[in-house]
Amino acid sequence: MITIALSKGRIFEETTPLLAAAGITALEDPEASRKLILPTNRPDVRLIIVRATDVPTYVQYGAADLGIAGKDVLDEHGGDGLYQPLDLNIARCRMMVAVREDFDYFGSIRRGARLKVVTKYVKTAREHFAAKGMHVDLIKLYGSMELGPLVGLADAIVDLVSTGGTLRANNLKAVEEITDISSRLVVNQASLKLKRDQLQSIMDAFAKAVAANQ
């Protein structure tokens, strides 16, 4: 049995064509089903639906053979024990620093001000600001980052930005790009040795589909 860990939402939707290219189709819609283990048209392949942040952990410890996770999640996780053979080029966005429209971010940096920053990407934010020689206080939140600067909790946020619509709707502006984000295929290293033929066929099909879309 091959187990593939996925999260609901955009990643699942954009992974569906890749799975189809490998001859794999979910027999139930994860948005409509309460099941966390979904059968597929192949008796030797099943999908498990987990939180996006948990995908690397399921794969790392062998509860899943393959997984699809954003670079943002993998950077925070550290990627220990994971083989990352392929950038799937899906669920693309950017990790950005954003502030209120009226906040002088670069002036604050020049003055050496110590900024308060809210984010759920603490490791990524810490490394980014350390590389710039900035002193910041990081405050971890799990959602609604945009609220932080609006209510005085923080001066800035570090979050994923796709179209920028949510920032604009809340009178925020992106001031600095940290990195481009896309979703990656991750593989359990032990599974790759024990189930190489099965996994390699799926990996090859994904790679071919990605190349065709570029």
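Parameters at a glance
- Residues numbered from 1 in each chain as written.
- Predicted model: local features only at pLDDT ≥ 70, side-chain atom pairs only at ≥ 80, totals over all residues.
- Heavy atoms only, no water.
- UniProt positions renumbered as here; feature names shortened; annotations may be inferred.
- Helix = DSSP H or I, 4+ residues; strand = E, 2+ residues; numbered from the N terminus.
- Buried < 20%, exposed > 50% of the residue type's maximum accessible area, 1.4 Å probe, protein only.
- Pairing = 2+ DSSP bridges.
- Arc of directions from axis to C-beta.
- Axes fitted to C-alpha atoms, helices over the stretch in contact; angles between N-to-C directions.
- Contact = heavy atoms within 4.5 Å.
- Phe/Tyr/Trp six-rings, centres within 6.5 Å; stacked < 30°, edge-to-face > 60°.
- Patch = residues over 30% accessible without salt bridge, like charges linked within 9 Å, V, L, I, M, F, W, Y side chains within 5 Å.
- Areas by Shrake-Rupley, 256 points an atom, 1.4 Å probe, with all protein chains shown as cover.
- Salt bridge = Lys/Arg side-chain N within 4 Å of Asp/Glu carboxyl O.

Under an unreviewed UniProt entry, the protein chain has the name ATP phosphoribosyltransferase and belongs to Methylobacillus methanolivorans. Recorded in UniProt for the protein chain, the comment headed Subunit (unreviewed entry) runs: "Heteromultimer composed of HisG and HisZ subunits." Reading the Subcellular location (unreviewed entry) entry of the UniProt record for the protein chain gives the comment "Cytoplasm".

> What am I meant to see in the environment of Gly107 here?
Within the secondary structure, Gly107 is located in helix α4 (residues 105-110). For Gly107, a relative accessible area of 4% translates into the label buried. Residues Gly107 and Ile4, 103 residues apart in the sequence, show an inter-C-alpha distance of 47 Å.

> Even after reading the chapter, I still don't get the pairing of strand β11 (residues 183-188), so can you show me in this structure?
Of all six residues in β11, six are buried, a share of seventy percent or more. Burial along β11 is two-sided: Ser183, Leu185 and Val187 facing one way and Arg184, Val186 and Asn188 facing the other are all buried. Sheet analysis places strand β4 (residues 66-70) next to β11, joined by five bridges and oriented antiparallel. When the sheet's bridge partners are listed, Leu66 is paired in β11 with Val187. Here strand β5 (residues 82-87) pairs with β11 via four bridges, running antiparallel. Its bridge partner being in β11, Leu82 is matched across the sheet by Asn188.

> Sorry, what's going on with helix α5 (residues 122-131) here?
At 3.6 residues per turn, the α-helix brings residues three or four places apart onto the same side. Of the positions making up α5, those classed as buried are Val122, Thr124, Ala125, His128 and Phe129. Projected down its long axis, α5 carries its buried residues within an arc of 160 degrees, all on one side. Those residues of α5 that are exposed and aimed more than 90 degrees away from the buried face are Ala130 and Ala131. Positive phi appears at Gly133, one or two residues downstream of α5, with a value of about 75 degrees.

> Would you mind going over the UniProt feature "domain: ATP phosphoribosyltransferase catalytic" (unreviewed entry) in the protein chain with me for this structure?
Annotation from UniProt places "domain: ATP phosphoribosyltransferase catalytic" (unreviewed entry) at residues 51-206. Between the C-alpha atoms that bound residues 51-206 the distance is 22 Å, and the span itself is 35% helix and 33% strand.

> Quick question: what am I supposed to make of the sheet that holds strand β2 (residues 37-39) here?
Consider a sheet: its strands pair through backbone hydrogen bonds, and that pairing is either parallel or antiparallel. Spatially, β2-β3-β1-β4-β11-β5 is the arrangement adopted by the six strands of the open sheet, whose pairing is mixed. The sheet terminates laterally at β2 and β5, the two strands that pair on one side only. Each strand of the sheet is rotated relative to its neighbour by a mean of 30 degrees, with strand direction disregarded. Sitting on the sheet, helix α1 (residues 10-21) is in contact with β1 (2-6), β3 (45-49), β4 and β11, with an inclination near 145 degrees to β1.

> I'm lost on the packing of aromatic side chains in this one. Help?
The geometry of an aromatic ring pair is captured by two quantities: the separation of the ring centres and the angle between the planes. A full pass over the atoms with the stated rule returns one aromatic pair. A ring pair is formed by Tyr105 and Phe106, whose centres lie 5.1 Å apart and whose planes are at 75 degrees; its orientation type is edge-to-face. In this structure Tyr105 comes out as buried when scored by relative accessible area, which is 1%. You can call Phe106 partly exposed: its relative accessible area is 38%.

> Just checking my understanding: could you explain the environment of Met145 for this structure?
Relative to the assigned elements, Met145 resides in the loop between β8 (136-140) and α6 (147-150). Classification of Met145 by relative accessible area gives buried; the value is 2%. C-alpha of Met145 to C-alpha of Ala156: the two residues are eleven residues apart in sequence and 9.1 Å apart in space. Setting aside chain neighbours within four positions, we find Met145 in contact with Val118, Thr119, Lys120, Ile157 and Asp159.

> Would you explain a nonpolar patch on the surface in this entry?
A surface patch of nonpolar side chains, about 340 Å² in accessible area, is lined by Leu147, Leu150, Val151 and Leu153. By the secondary structure assignment, Val151 is in the loop between α6 and β9 (156-161). Judged by relative accessible area, Val151 falls into the exposed class, the value being 58%.

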